[in-house]
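Fold and contact review
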Amino acid sequence: MKHRTFFWFILPSATAMLLFIALPIVSVLIQSVHAPHQQVIREVENCNVFGCTTTTVVDQEATRLLREAAPMGRFVGTGIYTDRNHLAISEVGALWTKSEGMGDFFGQLLNLPFYGALAFTLTYTALVTPLAILLGFAVALAVNAIPRLFRGPAIFVSLLPMIVTPLVGALILFWMVDARGILGAAIQSLVGDPTLSIKASTPLMWAMLIVYGIWSTSPFAFVVYYAGLQTVPQDTLESAMIDGATRWQRIRHVIFPHLLPLTTFMALIKIMDNFRVFEPIVSFNAGAHAQSLSYFIYSDLGGETRLLSSAAATSVLTILGVVILLSPVLVRTWRSFGKETA
Amino acid sequence: MEHPVGGAYQAGWNLAQEFVNMYTGMGGEFFEAGTPKVSINNDKGVAALEMMKALTAYMNPDYLTHDSNATSAEWEAGNVALMNMWGSRTGVLLDAEGSAPEVHENTMVGAPMTVGGGTIPATTLWWDGWTVAKNISDADAVATFLALKHGTSPALLNDETMGQAVWMIPGYKPAPVNAGVMQAMAMGAKPYPMLPYMGLLHTALGDNIADFLTGKEDAATTLADIEAAYTAAATEKGFLQ
């Protein structure tokens, strides 16, 4: 392709990427190294129907003058990244020197909000990504094996978890696992403990969120694999059958290698999605037991007092987390790409 | 009845409000006088947390997922017999809608309770007022002022509006649904601390109290965590140097 043609060809998507991906990231980066100005606080006498008290107010006029003089706010560099509500560098340092052994250190580390949320986010990503892909693969193989007549309804039913809005799907499950709900009561009678409550236990709540994650995201893997299964070369499959390969051997040596690029693609997308886990925590009211980085951004932006710089810093840390998690897959793809062209 | 006590203890905003009520009832002050420096890590803070935990022993084990709406639903379903509930929710509880007749007929609203030998009730008063924006024309400002003044004047009071809110205007006669609020005021309940940095403390409370109630840490550690989370947020926001 000529350079000129290539330029015009790529221009629309490059512009869109610049506007909708690069600029927001730059804006978030700038926001994360600035904080609001020092508030000018005054003491005043406050009288209302309940009587008079001395109280403090923000001197709006003085604070407005400060803001007009420097609209970007205070430059704080990495101050927000390192504070206790994020990477907590000095707190972690203090823990390291005074903790008794590694167990104690990690126990206390997980009490810091960022690391506690990271622990759940990573556990969720590490379990949901492979299990959802595996379940989707199994469902795709099963659907592909049933007679054509029943495939339409089977595909529809398999896609249902993805069709249901995540918040609504999670809310339905939330009531089903209630101690008085059908699933919750069933689990109680299965383990023979009438006081068991999923919503009251941290490990069970984590398990619930992970099961929900697998249930709601496996249809994506199913639909991609099902499409992929239609492209498996029939000749190879038939010759494998003539050679006496069992169904498992055909899956292992013919179908699986054929679908490997799809698996890489799905792993990339799903790691990115799962690292941003958010809706189930809200729907399951799981804030007491599990928090994630996206949940922090949500509570910073929706709290009583909005913490924009904190939300920006957490966003940048989320992007960095995704980049770190994706790097092995990206490096692998880059290497195999180099090989093919060479 | 297995879990007789109800409460809006959902982790987050609701749970933080329960602490604000309890700590106020204990006679605690949230900040060092005249400064944004938080001061809840004290005997009163510990006592407030211990009292909350003691109450949870009588609650549905899922209490950390029950917000004020879910708790009201528990009441209407006849699953709880006693609860400390927001005055703004009593309208729903006292109407015949949504609850069984035997629950509805026996629902009564009373005065809030004191705690730990305190003299004022363990609750906070919430009230609404109105302001006129500065960045509108004088004519609009006058019109807005007159409309709002009329909207909150004694002329507005009738049988229907009397029960909808506690109106702090002359001529207001409390409806039975507002008995709890009126008694709270008579007992000298304090208003919610209307400080510019209170929202940050409320959020920090809501994020950390569950760790104590679930037994992950002791009261002093939880209070220290809350103070540290608040301090980091208030520093970012420019309230603390």
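Residues numbered from 1 in each chain as written. Chains lettered and ligands numbered in written order. Predicted model: local features only at pLDDT ≥ 70, side-chain atom pairs only at ≥ 80, totals over all residues. Heavy atoms only, no water.

Taking the UniProt record as the reference, the feature "domain: ABC transmembrane type-1" (unreviewed entry) is found at residues 118–329 of chain A. Taken end to end, residues 118–329 of chain A is 79% helix and 0% strand, and its first and last C-alpha atoms sit 21 Å apart. (UniProt positions renumbered as here; feature names shortened; annotations may be inferred. Helix = DSSP H or I, 4+ residues; strand = E, 2+ residues; numbered from the N terminus.)

On the side of chain A, 43 residues touch chain B, which itself brings 46 residues to the contact. For the chain B and chain A pair, buried surface summed over both sides reaches about 3400 Å², with 52% attributable to carbon and sulfur atoms. Taken together, the connections running from chain B to chain A amount to two salt bridges. For Arg-180 of chain A, the salt bridge is made with Glu-74 of chain B, and the minimal N-O distance between the two is 3.0 Å. There are 18 residue pairs in polar contact (both at pLDDT 80 or more) connecting chain B and chain A. Those elements giving two or more residues to the side of chain B that touches chain A turn out to be helix H9 (198–213) and helix H10 (219–236) of chain B. Ranked by the residues each element gives to the side of chain B that touches chain A, the list is headed by H10 of chain B, at eight residues. Classifying every residue of the side of chain B that touches chain A gives 22 nonpolar, 14 polar and 10 charged. (Contact = heavy atoms within 4.5 Å. Buried area = accessible area lost by both parts, 1.4 Å probe. Salt bridge = Lys/Arg side-chain N within 4 Å of Asp/Glu carboxyl O. Polar contact = N/O pair within 3.5 Å; in protein donor to acceptor, adjacent residues only side chain to side chain. Nonpolar A, V, L, I, M, F, W, Y, C, P; charged D, E, K, R; others polar.)

All right, on to the side chain of Ser-294 of chain A then. Mapped onto the secondary structure, Ser-294 of chain A falls in helix H14 (residues 293–302). Residues in contact with Ser-294 of chain A, not counting those within four places in the same chain, are Arg-276, Val-277 and Phe-278 of chain A.

Moving on to the state of the cysteines. All names here are of chain A. Going through the model one piece at a time under the given rule, you end up with one disulfide over all chains. Each sulfur in the disulfide pair Cys-47 and Cys-52 lies 1.9 Å from the other. In this structure, the disulfide formed by Cys-47 and Cys-52 twists by about 110 degrees around the S-S bond and is classed as right-handed. Cys-47 gets classed as partly exposed once you look at its relative accessible area, which sits at 46%. For Cys-52, a relative accessible area of 46% translates into the label partly exposed. (Disulfide = S-S within 2.5 Å. Buried < 20%, exposed > 50% of the residue type's maximum accessible area, 1.4 Å probe, protein only.)

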